[in-house]
Amino acid sequence: MAQEPLVKFTGITPSGLNASADGEIRVFYDRVHAFQETLYRKNLTTILHMVMLNLWGEIDAEIDFTFVSLWQMDELSRATLQKTRADIDAQNIRSGIITPTEARSRTAHDTSGQYAAVNLSNS
């Protein structure tokens with residue numbers, strides 16, 4: 001396949017000192033996302049609007065779509081990100097930039113974090 005990384009096409013991973021295909025895969029995913037936006041968005045939007053007109057007789061501007069990202073963080077990257085955010089919150093609380101309640105609210109509203117379901121009414 002044209003412009004597909006070798007690791008995706010054949011499953012062969014690079015070997016050697018600090019060899020990694022992460023950069024190539026990320027660039028490939030970015031290219032796929034760009035193709036989705038340039039090649040598919042206009043046509044899918046047209047179809048979506050046609051369906052709305054057929055069903056409801058009008059176009060609802062609130063209804064939209066987004067393409068799902070192909071790139072996902074691994075567990076180690078997510079844990080590192082959570083630790084970095086916690087360290088920044090702790091430093092900001094010590095410096096008086098934010099209060100613990102504000103940090104707790106930010107953490108609870110982070111949908112990608114492990115504390116997304118924290119009940120803020122108990123604070």
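So, here is what we can say about the structure in this document. No experiment lies behind these values; they were computed from the predicted model shown. (Residues numbered from 1 in each chain as written. Predicted model: local features only at pLDDT ≥ 70, side-chain atom pairs only at ≥ 80, totals over all residues. Heavy atoms only, no water.)

Some points on a nonpolar patch on the surface
Nonpolar side chains collect at one region of the surface, where Phe35, Leu39, Tyr40, Leu44, Ile47, Val51, Leu55, Trp56 and Ile63 lie side by side and expose about 890 Å² of accessible area between them. Structurally, Phe35 can be placed in helix H2 (residues 22-56). (Patch = residues over 30% accessible without salt bridge, like charges linked within 9 Å, V, L, I, M, F, W, Y side chains within 5 Å. Areas by Shrake-Rupley, 256 points an atom, 1.4 Å probe, with all protein chains shown as cover. Salt bridge = Lys/Arg side-chain N within 4 Å of Asp/Glu carboxyl O. Helix = DSSP H or I, 4+ residues; strand = E, 2+ residues; numbered from the N terminus.)

Some remarks on the side chain of Asp110
Note on placement: Asp110 falls in the segment after helix H4 (100-108). A relative accessible area of 14% places Asp110 in the buried class. Here Asp110 is in contact with Gln82, Arg85 and Ala116, once residues within four sequence places are set aside. (Buried < 20%, exposed > 50% of the residue type's maximum accessible area, 1.4 Å probe, protein only. Contact = heavy atoms within 4.5 Å.)

Thoughts on the pattern of salt bridges
The final tally for this structure, using the stated rule, is six salt bridges. Among the ionic pairs, Glu37 bridges to Arg41, the shortest N-O distance being 2.6 Å. Note that Glu37 and Arg41 are positioned in helix H2 at a spacing of four residues, about one turn of the helix. Across the pair Lys83 and Asp87 runs a salt bridge, and its minimum N-O distance is 3.0 Å. One end of the pair is Lys83 and the other is Asp87, both in helix H3 (residues 75-95) and four residues apart, which spans about a single turn.

Some details on the packing of H3 against H4
Two elements in contact, H3 and H4, have axes separated by 9 Å at closest approach and are oriented at 160°. Regarding the angle of H3 to H4, the classification is roughly antiparallel. Crossing angle aside, the handedness with which H3 passes H4 is right-handed. Residues Arg85, Asp89 and Ile93 of H3 form the contact with H4, whose participating residues are Pro100, Ala103, Arg106 and Thr107. (Axes fitted to C-alpha atoms, helices over the stretch in contact; angles between N-to-C directions. Parallel < 35°, antiparallel > 145°, perpendicular 65-115°, else oblique. Left-handed = near helix turned anticlockwise from the far one by under 90°.)

Focus on the packing of aromatic side chains
Using the criterion set out here, one finds two aromatic pairs in the structure. Pairing Phe28 with Tyr29 gives two aromatic rings, centres 6.1 Å apart and planes at 45°, and the pair type is tilted. There is no split in this pair, since Phe28 and Tyr29 are both buried. For the pair Phe65 and Phe67, a centre-to-centre distance of 5.5 Å together with 85° between the ring planes defines the contact as edge-to-face. Across this residue pair, the class does not change: Phe65 and Phe67 are buried. Cation over ring: Arg26 sits above Trp71, and NZ or CZ is 3.9 Å from the ring centre. A cation sits over an aromatic face here: Arg41 above Phe65, 4.6 Å from the ring centre. (Phe/Tyr/Trp six-rings, centres within 6.5 Å; stacked < 30°, edge-to-face > 60°. Lys NZ or Arg CZ within 6 Å of the ring centre and 35° of its normal.)

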